[in-house]
Amino acid sequence: MNWWRHVMAMEIRKILAYRSDFWIIFLGQTAVQLVIATALWKSIFETQGTIQMNGFTLPMMTLYYLIVPIGMRMLTGENIGFISREIYDGSFNRYLIYPLSVFQYKAVTYLTYSLFYGVQLILLFSIYQFTMIDVTPTLMTFVHLFEGVALFLISATTYVLMAMLIELLALWADNIWTLVVMLRFFTSFFGGGFIPLAFFPLWAREILVFTPFPYLVSLPVRTVMGQSSSIEITLGIVVLLCWSFFFMGCVALMWNKGQKNYSGVGI
Amino acid sequence: MINVQNLTKSFTTHVKEPGLKGSLKSLIKRDKKTKFALNGVNLQIKQGEIVGLIGANGAGKTTLIKILAGIVHPTSGEATVLGYKPWQRDNRYRKQMSLIMGQKAQVWWDLPALDSFILLKEIYQIDNFTYKKNLEFLSDTLMIKDQLKIQVRRLSLGERMKVELMAALLHNPRVIFLDEPTIGLDISAQKAVREFMKNYQVEFKPITILTSHYMADIQELCPRIVIIKEGQFVYDGSLSKVQRMLGDNKVLSVTTEKEIFQLEVPRTELSIKTKEIFENHNVLDLNIQDPSIENIIESIMRNGLGPP
């Protein structure tokens, strides 16, 4: 199992080989999302003539949308199509000849990206703490930040298993791109990535509590903001672990069935 | 030892009629077509042996290699390599096996080769002494020491293949599958790879299966060849034997005042044909040769082992 440290180190070297990407994604993407969300919510707050909506003030909402994009990147990693693309072009062969588990390898590479975006989150938090005027009535501290980052890593583990389930459909179907995009959309929507879950109707929230989605995005974001209780965090971890074991079983089942269809491309 | 018994692999693909009508129809119902990439093949290879697998594109060479490397499951039949069923992917087997695909890179493109080698050292659990010794030996023999710290994507095709060879041999595999290792390489790079593999085979005696469309690779490296046609073996034996079997013809290369042409004629009719040519043409030059190995193999692939 010593190889996983080297895989992580190698993935980090790969990321650092394209350092401009790091800054473009970090600054560009975060800034765009922040500007759009702030402008939108500022106008909603002004129209409603209120300073608080469903427990959110405008500065809190701004902070929420500052954390969400990086959190989503931690969750969904870098590699959309990280298995299906390789199944289609045959580069998946490589993992089948090495004496290791292909899924462990893929999970390690995936989580390396998550960890790396976690560094971006810490960086963002530090910039925010040291440069912004503290207008946010939150309990945000470095302890909460690290709790949130750890929670994001657990949720990323659940998400990578969900993604693997979809990606493995490539062993049967010629194109699974739509399903991968749908998974991202549903995760973001039902996880509170587009609109905080507090704005969802009660019946929807009562249903969602049994799904992994609220624990994938909303819970870690609120944890970073210092708004989750330890009971909520513990419950979230338990739910995520239960779903992870379920998805792990499904992935194993699908792989056992599907690997017989793998052609490694070409005859 | 490789032992293959009655191995079959079929692939099912969807077929679609051309045009808009076909596209609309395929939305509701798609027709399937089954193709046999391998159809009941048998093969035994001893330790230290190197076998050339020859066949046209789509004949089933790569499929056989993929099954023996554990990438693809067979449809039916049995195969064991070093006593393991490859598709069960036992790590004890995978640590003793290597696959090099000329058309698929296995080292990581965005990194220098040395970074990939360090990871492979961990994956294959190679001890420090063996790793250093092999790294030294392979980089010296392949003359690629200076390129190991450069991003793989920036290397030439020949250098990249050398790096692939190094990555595949670092763990001293007992079984090596080489799928078109010289494809796309220039003549000197092809020669270097061939020379290296020849010496490696003599020194380490792995089981090696080589596929290549370059007959020079086969002639240089493989005393035994297997010719595969549409998923079935049509010849399994020595290269020299196949030359003798189908070498009853001679090739006449004729240069006249008006044209240059070649004729392949049975050895027994050689004098009659030569006489006819001299009677009917103003011959400037005439050359009599044995048919090239390419022509013999092409003839077998086209007509089987019957008369060409």
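Criteria and cut-off values
- Counting starts from 1 at the beginning of each chain's written sequence and moves along it residue by residue.
- Each chain is given a letter, starting from A, and each ligand a number, starting from 1, according to the order in which they appear as written.
- Reporting in this predicted model follows two pLDDT cut-offs: at least 70 for local features of residues, and 80 or more for side-chain atom pairs to be given and counted; totals over whole chains, interfaces and linings ignore these cut-offs and use all residues.
- With hydrogens and water set aside, each side-chain value is computed from the structure's full complement of heavy atoms.
- In this text, helices come from DSSP runs of H or I with a minimum length of four residues, and strands from runs of E with a minimum of two, each type numbered from the N-terminal end.
- Each residue's exposure class comes from its accessible area (1.4 Å probe, protein chains only) as a fraction of the maximum for that residue type: buried when under 20%, exposed when over 50%, partly exposed otherwise.
- What makes two residues a contact is simply this: any of their non-hydrogen atoms within 4.5 Å.
- The protein chains shown are the only cover counted for residues, whose accessible areas, like all others here, come from Shrake-Rupley with a 1.4 Å probe.
- Buried area is a sum: the accessible area each of two parts loses on coming together, probed at 1.4 Å, counted once for each and added.
- We define a salt bridge as a side-chain nitrogen of Lys or Arg found within 4 Å of a carboxyl oxygen belonging to Asp or Glu.
- A pair of strands is treated as paired once DSSP finds two or more bridges between them.
- Here an axis means a line fitted to C-alpha atoms, over the contact stretch when the element is a helix, while the angle between two N-to-C directions is reported on a 0 to 180 degree scale.
- Put simply, the grid is 1 Å and covers the protein atoms alone, a cavity is a trapped set of points that fit a 1.4 Å probe, a pocket is an open set with protein on both sides within 12 Å along at least five of seven lines, and lining residues have an atom within 4 Å of a point.
- Grid points are joined across faces, edges and corners, and a volume is the space filled by probe spheres set on the points.
- In this scheme, a helix's expected span is set at 1.5 Å multiplied by one less than its residue total.
- The directions considered for the arc are those from the helix axis to the C-beta atoms.
- In protein, a polar contact means a hydrogen-donor-capable atom and an acceptor-capable atom, both N or O and within 3.5 Å, with residues adjacent in sequence counting only if both atoms are side-chain atoms; elsewhere, any N or O pair within 3.5 Å suffices.
- Ring pairs shown here join Phe, Tyr and Trp side chains whose ring centres sit within 6.5 Å, with only the six-membered ring taken for Trp; geometry is labelled stacked below 30 degrees between planes, edge-to-face above 60, and tilted in between.
- Roughly parallel means an angle under 35 degrees; roughly antiparallel, over 145; roughly perpendicular, 65 to 115; everything else is oblique.
- Here a crossing is called left-handed whenever its near helix is offset anticlockwise from the far helix by less than a right angle, and right-handed whenever the offset is clockwise.
- Note on residue categories: nonpolar means Ala, Val, Leu, Ile, Met, Phe, Trp, Tyr, Cys or Pro, charged means Asp, Glu, Lys or Arg, and polar means any other residue, Gly included.

Colleague: For this particular structure, what's the right way to read the overall build of chain B?
Modeller: A tally of regular secondary structure across chain B gives eleven helices and twelve strands. Over its C-alpha atoms, taken along the principal directions, chain B stretches across nearly 75 × 60 × 40 Å. By the burial criterion, 50% of the 308 residues in chain B qualify as buried. For chain B, the share of sequence-separated contacts (at least 6 apart) that also reach a separation of at least 24 residues comes to 69%. Carbon and sulfur atoms make up 51% of the accessible area of chain B, which totals about 15200 Å².

Colleague: I keep staring at the interface of chain B and chain A and nothing clicks. Help me out?
Modeller: It is common to report an interface's size as the accessible area lost on association of the parts. Each partner contributes to the interface: chain B provides 38 residues, whereas chain A provides 31 residues. Summed over both partners, the interface of chain B with chain A buries about 3100 Å², with 58% contributed by carbon and sulfur atoms. Considering only the side of chain B, the residues that lose the most area to chain A are Ile 71, Trp 108 and Ile 123 of chain B, jointly responsible for 19% of the buried surface there. Summed over the shared surface of chain B and chain A, the number is one salt bridge.

Colleague: I'm lost on unusual backbone geometry in this one. Help?
Modeller: Across residues other than glycine, the phi torsion is negative in most instances, and most of the peptide bonds are trans. Residue and element names in this part refer to chain B. Phi is positive for Asn 6, which is not a glycine, with a value near 50°. Among the structural elements, Asn 6 can be located in strand 1 (residues 2-15). Of note in the backbone geometry, Lys 205 takes a positive phi value of approximately 50° without being a glycine.

Colleague: What is the right way to read the sheet that holds strand 1 of chain B from this model?
Modeller: Within a sheet, each strand pairs with its neighbour through backbone hydrogen bonds, oriented either parallel or antiparallel. Residue and element names in this part refer to chain B. If you trace the three strands from one edge of the open sheet to the other, you get 2-1-4, paired in antiparallel fashion. Either end of the sheet is taken by a strand with one partner, and the two such strands are strand 2 (31-45) and strand 4 (76-81). In this sheet, adjacent strand axes meet at a mean angle of 30° when their direction is disregarded. Alignment of strand 1 against strand 2, held across twelve bridges, turns out to be antiparallel. Pairing of Leu 7 across the sheet is with Val 41, part of strand 2. In the packing of helix 2 (residues 61-69) onto the sheet, contacts are made with strand 1, strand 2 and strand 4, and the angle to strand 1 comes to roughly 115°.

Colleague: Would you take a moment to explain empty space enclosed by the protein for this structure?
Modeller: With a probe scaled to a water molecule rolled over the atoms, the places where space remains empty come into view. Inspection of the entire model under this criterion finds six cavities of 30 Å³ or more. Counted as a void, the largest cavity has a volume near 90 Å³. If you trace the largest cavity, you find it lined by Ile 97 and Tyr 98 of chain A together with Ser 98, Leu 99, Gln 106, Val 107, Leu 120, Tyr 124, Glu 164, Ala 167, Ala 168 and His 171 of chain B. Counting residues per element, the ones that place at least two in the lining of the largest cavity are strand 5 (97-101) and helix 6 (157-169) of chain B.

Colleague: Explain the pattern of salt bridges here, please?
Modeller: Oppositely charged side chains can form a pair if their charged atoms are brought close together. The tally for this structure, following the rule as stated, stands at 16 salt bridges over all chains. Across the pair Arg 222 of chain A and Glu 232 of chain A runs a salt bridge whose closest N-O atoms are separated by 3.2 Å. In this pair, Arg 222 of chain A is assigned in helix 11 (residues 218-224) and Glu 232 of chain A in helix 12 (residues 230-258), connecting sequence segments ten residues apart. Each of Lys 25, Lys 29 and Asp 31 of chain B takes part in one network of salt bridges that share partners.

Colleague: How should helix 5 (residues 128-141) of chain B be read in this particular structure?
Modeller: For an α-helix the count is 3.6 residues per turn, leaving residues at separations of three or four pointing the same way. All names here are of chain B. Compared with the 20 Å implied by 1.5 Å per residue over 14 residues, the 20 Å span of helix 5 between its first and last C-alpha is a close match. Buried within helix 5 are the following residues: Thr 130, Tyr 131, Asn 134, Leu 135, Leu 138 and Ser 139. In a view along the axis of helix 5, the buried residues occupy a sector of 140°, so they form one face of it. Turned more than 90 degrees off the buried face of helix 5, the exposed positions are Phe 129 and Lys 132. In the core, the buried residues of helix 5 are packed alongside helix 4 (113-123), helix 6 and helix 7 (187-204). The N-capping residue of helix 5, defined by a side-chain oxygen 3.2 Å from the backbone nitrogen of Phe 129, is Asp 127. Phi turns positive one or two residues past the end of helix 5, at Met 143, with a value near 55°.

Colleague: Explain the environment of Cys 250 of chain A here, please?
Modeller: All names here are of chain A. Along the chain, Cys 250 falls in helix 12. Judged by relative accessible area, which is 22%, Cys 250 ranks as partly exposed. Between the C-alpha atoms of Cys 250 and Leu 165, which are 85 residues apart in sequence, the distance is 7.1 Å.

Colleague: Explain the sheet that holds strand 7 (residues 207-211) of chain B here, please?
Modeller: All names here are of chain B. The mixed open sheet is built from six strands, whose spatial order is 5-6-7-3-8-9. The strands lining the two open edges of the sheet, one partner per strand, are strand 5 and strand 9 (232-238). For this sheet the average axis-to-axis angle between neighbouring strands, irrespective of direction, equals 15°. Strand direction decides the pairing type here: strand 8 (residues 224-229) and strand 9, joined by six bridges, are antiparallel. Following the sheet pairing, Ile 227 is matched in strand 9 by Tyr 235. Along the sheet, helix 11 (residues 293-303) contacts strand 3 (50-54), strand 8 and strand 9; its crossing angle with strand 8, the most-contacted strand, is approximately 35°.

Colleague: Help me out: how do you make sense of the packing of aromatic side chains in this one?
Modeller: Within a pair of aromatic rings, the relevant descriptors are the distance that separates the centres and the angle that separates the planes. Residues and elements named next belong to chain A. Taken as a whole, this structure holds 32 aromatic pairs over all chains when the rule is applied. Relative to Phe 199, the ring of Phe 56 lies with its centre 6.2 Å away and its plane at 40°, an arrangement referred to as tilted. In this pair, Phe 56 sits in strand 2 (residues 56-57) while Phe 199 sits in the loop between helix 8 (177-190) and helix 9 (202-208), placing the two residues 143 residues apart along the sequence. Residue classification places Phe 56 among the buried positions, given a relative accessible area of 5%.

Colleague: How do you make sense of the packing of helix 1 (residues 3-17) of chain A against helix 4 of chain B when you look at a structure like this?
Modeller: What describes two packed helices is the angle between their axes and the distance between those same axes. With their axes 9 Å apart at the nearest point, helix 1 of chain A and helix 4 of chain B run at an angle of 165° to one another. It follows that helix 1 of chain A is roughly antiparallel to helix 4 of chain B by the angle criterion. Of the two elements, helix 1 of chain A crosses helix 4 of chain B, and the hand of that crossing is left-handed. Counting all contacts with helix 1 of chain A, which are made through Trp 3, His 6, Val 7, Met 10 and Arg 13 of chain A, the residues of helix 4 of chain B involved are Asp 115, Ile 118, Leu 119, Glu 122 and Ile 123 of chain B. Residues belonging to the contact of helix 1 of chain A with helix 4 of chain B are distributed by class as follows: six nonpolar, one polar and three charged.

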